[in-house]
Amino acid sequence: GDVPEQVWERIKDHPCFSEEAHHYFARMHVAVAPACNIQCNYCNRKYDCANESRPGVTSERLTPEQAARKVMAVAAKVPQLSVLGIAGPGDSLFDWRRTFETFRLVAAQMPDLKFCISTNGLALPDHVDELAQYNIDHVTITINAVDPEIATKIYPWIYFNGRRYTGIEAARILLDRQMEGLERLTAKGVLVKINSVLIPGINDRHLIEVNKAIKARGAFLHNVMPLISDPSHGTRFGLDGQRGPTAAEVKAVQDSLGGGAHLMRHCRQCRADAVGMLGEDLSRDFTLDKIPEAPV
Ligand code: SF4
Ligand code: SF4
């Protein structure tokens, strides 16, 4: 395709970054990051981070040691396993010690496994150097707006440097941190995918601006995902009657972004503990009670 050779070398076995690879390689997420430092109006804290996941089922929360055991158990049975991701159920970089401890334990036993994380970006600038040190070269940031006024309709508050911020102040801090994190990652050569949740009437027309801003800062992929808005899941948007987009609306926005960063259209919004090929979920075969007790 139109992907430069050096980039292709790095994504060809990553099922989320390469449309081809997702037929041949498997990924798994481990749910080691329960806490979050922001509130999104589309979040339901009972389930996984809407960064990457469908509502409906709670992921099994793991300690770093349990997660490492689970990775070994999956790798023994799923030889196509090429990527370990940490994507929640909260934010992977809020309680960053758990995330990095998991990578450290796994890397000691599986030095060839690739790592990736996804994050809302608030804590990202503080961890860019450490990410590079752990050899994590794929990062996903959820960016739903670049205009703070629009962002106030999506994020009621953030928790930053020991205090809670609300309104336009919260939005400005979050958006600045997202852009700073993105710039610093791409400057280091890290491949960055941006997820945007399409929220009709709020950011549907604005995502073209998001696409321009992230492309200018070197993002590799832009993944537009539909808002999942179901009142029975108790999200703020769901309770407010905010609707999700139709499939046609999602496609129209994706088409309007044709000239931006490469678009990813095959993301399945996997659970925070997904295991297997994309579109496949073997997580029920690898719950803790089914994993050998062997110490890591
Ligand atoms: Fe929920 Fe994820 Fe938003 Fe945090 S970043 S509030 S876990 S959707
Ligand atoms: Fe890949 Fe999307 Fe699934 Fe994450 S949620 S593993 S990016 S397909």
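The rules we used
Residues numbered from 1 in each chain as written. Chains lettered and ligands numbered in written order. Predicted model: local features only at pLDDT ≥ 70, side-chain atom pairs only at ≥ 80, totals over all residues. Heavy atoms only, no water. Helix = DSSP H or I, 4+ residues; strand = E, 2+ residues; numbered from the N terminus. Contact = heavy atoms within 4.5 Å. Areas by Shrake-Rupley, 256 points an atom, 1.4 Å probe, with all protein chains shown as cover. Core = buried A, V, L, I, M, F, W, Y, C linked by side-chain atoms within 4.5 Å. Buried < 20%, exposed > 50% of the residue type's maximum accessible area, 1.4 Å probe, protein only. Pairing = 2+ DSSP bridges. Axes fitted to C-alpha atoms, helices over the stretch in contact; angles between N-to-C directions. Phe/Tyr/Trp six-rings, centres within 6.5 Å; stacked < 30°, edge-to-face > 60°. Lys NZ or Arg CZ within 6 Å of the ring centre and 35° of its normal.

1. Observations regarding the overall build of the protein chain
- Helices and strands together make up the secondary structure of the protein chain, namely nine helices and 11 strands.
- When contacts within the protein chain are restricted to residue pairs at least 6 apart in sequence, long-range pairs at least 24 apart make up 75% of them.
- For the protein chain, the accessible area works out to roughly 12500 Å², and carbon and sulfur atoms hold 50% of it.

2. Regarding the nonpolar core
- Val30, Val71, Leu84, Ile141 and Leu185 are the most contacted members of the largest nonpolar core, which has 52 residues in total.
- The element that contributes the greatest number of residues to this core is helix H2 (residues 64-77), accounting for five residues.
- Aside from chain neighbours lying at most four places away, what touches Val71 is Met28, Val30, Leu81, Leu84, Val106, Met110 and Leu113.
- Judged by nonpolar contacts, the second largest core, of 25 residues, contains Cys40, Ile202, Met225 and Phe237.

3. Let's talk about the sheet that holds strand S7 (residues 163-166)
- Pairing is antiparallel in the open sheet, where three strands are placed in the order S2-S6-S7. Every other strand in the sheet has two partners, leaving strand S2 (38-39) and S7 as the edge strands with one partner each.
- Sheet analysis places strand S6 (residues 157-160) next to S7, joined by four bridges and oriented antiparallel. If you follow Trp157 over to S7, its bridge partner there is Thr166.
- Of the strands in this sheet, S2, S6 and S7 touch helix H6 (residues 167-187), which is tilted by about 105 degrees from S7.

4. What about the packing of aromatic side chains?
- As enumerated under the stated definition, the model contains four aromatic pairs in all.
- Centre to centre, the rings of Phe160 and Tyr165 are 6.4 Å apart; their planes meet at 55 degrees, and the pair counts as tilted. In this pair, the class of Phe160 matches that of Tyr165, namely buried.
- When the ring centre of Tyr165 is taken as origin, the NZ or CZ atom of Arg163, which lies over that ring, is 3.9 Å away.
- If you follow Arg164 out to its NZ or CZ, it ends over the ring of Trp157, 4.0 Å from the centre.

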